[in-house]
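The primary structure of each chain is shown beneath.
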Amino acid sequence: MERALDIVAAEAGRRLDQVLAQRLPDFSRGRIQGWIDAGMVRLDGRPAKRSAKLVGGERVRIEAWLPQPDTHAPEPMDLAILFEDRHLLVIDKPAGLVVHPAAGNWQGTLLNGLLHHAPDLAGLPRCGIVHRLDKDTSGLLVVAKTPGAHKSLVAQLQARTVTREYRALVVGRPAAGGSVDAPIGRHPVRRTAMAVTIAGKPAVTDYRVLARWPGHTLLALRLRTGRTHQIRVHMAHIGHPLVGDPLYGGRVAGAGLPAAAARAVRDFPRQALHALRLGLVHPQSGESMAWEAPLAADFQGLLAALEPLREAQPADV
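Residues numbered from 1 in each chain as written. Predicted model: local features only at pLDDT ≥ 70, side-chain atom pairs only at ≥ 80, totals over all residues. Heavy atoms only, no water.

Observations concerning the overall build of the protein
When you go through the protein residue by residue, the secondary structure sums to 7 helices and 15 strands. Along the longest, intermediate and shortest principal axes, the C-alpha atoms of the protein span 80 × 40 × 40 Å. Classification of the 317 residues of the protein by burial places 46% in the buried group. Residue pairs in contact within the protein that sit at least 24 positions apart in sequence constitute 66% of those at least 6 positions apart. Summed over its atoms, the accessible surface of the protein is roughly 15400 Å², and 52% of this surface lies on carbon and sulfur atoms. Taking the average location of the 40 positive side-chain charges in the protein and that of its 29 negative ones, the two points are 6 Å from each other. (Helix = DSSP H or I, 4+ residues; strand = E, 2+ residues; numbered from the N terminus. Buried < 20%, exposed > 50% of the residue type's maximum accessible area, 1.4 Å probe, protein only. Contact = heavy atoms within 4.5 Å. Areas by Shrake-Rupley, 256 points an atom, 1.4 Å probe, with all protein chains shown as cover. Lys, Arg positive; Asp, Glu negative; His and termini not counted. Charge placed at Lys NZ, Arg CZ, Asp CG, Glu CD.)

A look at the side chain of His282
Structurally, His282 is set in the loop between β14 (273–281) and β15 (288–292). Side-chain polar atoms of His282 contact the backbone nitrogen of Gln284, separated by 3.0 Å. In this structure the side chain of His282 is engaged in a polar contact, spanning 3.2 Å, whose partner is the backbone nitrogen of Ser285. (Polar contact = N/O pair within 3.5 Å; in protein donor to acceptor, adjacent residues only side chain to side chain.)

Quick notes on the packing of helix α6 (residues 259–266) against helix α7 (residues 297–306)
At a closest axis distance of 9 Å, the pairing of α6 and α7 adopts a crossing angle of 160°. One finds that α6 runs roughly antiparallel with respect to α7. In this structure, α6 crosses over α7, and the sense of that crossing is left-handed. Contacts between α6 and α7 pair Ala261, Ala264 and Val265 from the former with Leu302, Ala305 and Leu306 from the latter. (Axes fitted to C-alpha atoms, helices over the stretch in contact; angles between N-to-C directions. Parallel < 35°, antiparallel > 145°, perpendicular 65-115°, else oblique. Left-handed = near helix turned anticlockwise from the far one by under 90°.)

Points about the sheet that holds strand β2 (residues 41–43)
Pairing is antiparallel in the open sheet, where 4 strands are placed in the order β1-β4-β2-β3. Every other strand in the sheet has two partners, leaving β1 (2–6) and β3 (46–47) as the edge strands with one partner each. Where β2 and strand β4 (residues 59–63) come together, 3 bridges link them in antiparallel fashion. Residue pairing for β4: Leu43 is matched across the bridge by Val60. (Pairing = 2+ DSSP bridges.)

Focus: the pattern of salt bridges
A side chain of one charge can pair with a side chain of the opposite charge when the charged atoms of the two come close. In this structure the tally under the stated criterion is 19 salt bridges. Salt-bridge contacts for Glu84 lead to Lys145; the nearest nitrogen and oxygen are separated by 2.8 Å. Taken together, the residues Glu84 in strand β5 (residues 81–84) and Lys145 in the loop between β7 (138–144) and α4 (147–158) connect sequence positions 61 residues apart. Overall, Glu84 belongs to the partly exposed group, its relative accessible area being 34%. Overall, the relative accessible area of 22% leaves Lys145 in the partly exposed class. As a salt-bridge pair, Glu292 and Arg277 come within 2.7 Å of each other at their nearest N and O atoms. Of the two residues, Glu292 is situated in strand β15 and Arg277 in strand β14; the sequence distance between them amounts to 15 residues. Overall, Glu292 belongs to the partly exposed group, its relative accessible area being 44%. When its relative accessible area of 31% is taken as the criterion, Arg277 is described as partly exposed. Sharing partners across several salt bridges, the network here consists of Glu165, Arg167, Arg208, Arg222, Arg277 and Glu292. (Salt bridge = Lys/Arg side-chain N within 4 Å of Asp/Glu carboxyl O.)

The values reported here are purely geometric and, on their own, carry no functional implication.
Right, dumping it as structure tokens:
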């Protein structure tokens, strides 16, 4: 990427990296700082520091390498697209679909399907995927289609202004509502798992009770942060793991239920977790937008099996 820019008088007194971040809105300030540190940005023909104070009239020359596009193969895929324009793509991801290729899942992922649907995504980091859902979690996921949209969505996620609401069926009877504020990091022994740990990153999950059945509770959850496996880890941490969660289970699902309902709970083949609502600010128009994806069919079937046993008026809801 090559650019030549002239610094105007109104930019005098400001830092070089600040001005370039404003002039090049499709690129993050962090990336621009990396270019400066690597000598890819010259000020009046000389290498400059990111903190260089401008006086006006300087000539900036940028010759920067962009990240190599992902080389994953496009694959035709039926995508449940809820919204699409030039900037965004909102998808209702089914359970069982891996979002990004990794060891053991190099093909058949959402990313492969996205590349077939919109080949230009190959030029974006992670092909525009700015957040993920676990393989066996269903529901809403947003994808950026332009560098500017990618920068905006990442900033919104970092500022915690993206609304993400989930539904989960958990084991036991958690309190009527509350928050779990507990840092999450890599599990010290099981390297494929996460855990609440002092050395982890801050993580906060809000939850409230929607319905109860003997020994089981349906929760509405909202993420204030976005750590790997956050809801699954936090619910297990407070003693109420998700039904069907093979990694963080720990309690026998189905206890206290009649045989048919208990069998439906025990046989549920994945964690009972669905990303129901997603809200954000459109990166181009500034409009507040929101989407909702109905519970996945298997999740609906699980709740239908429990419905005759629903507690009409739980005392603590």
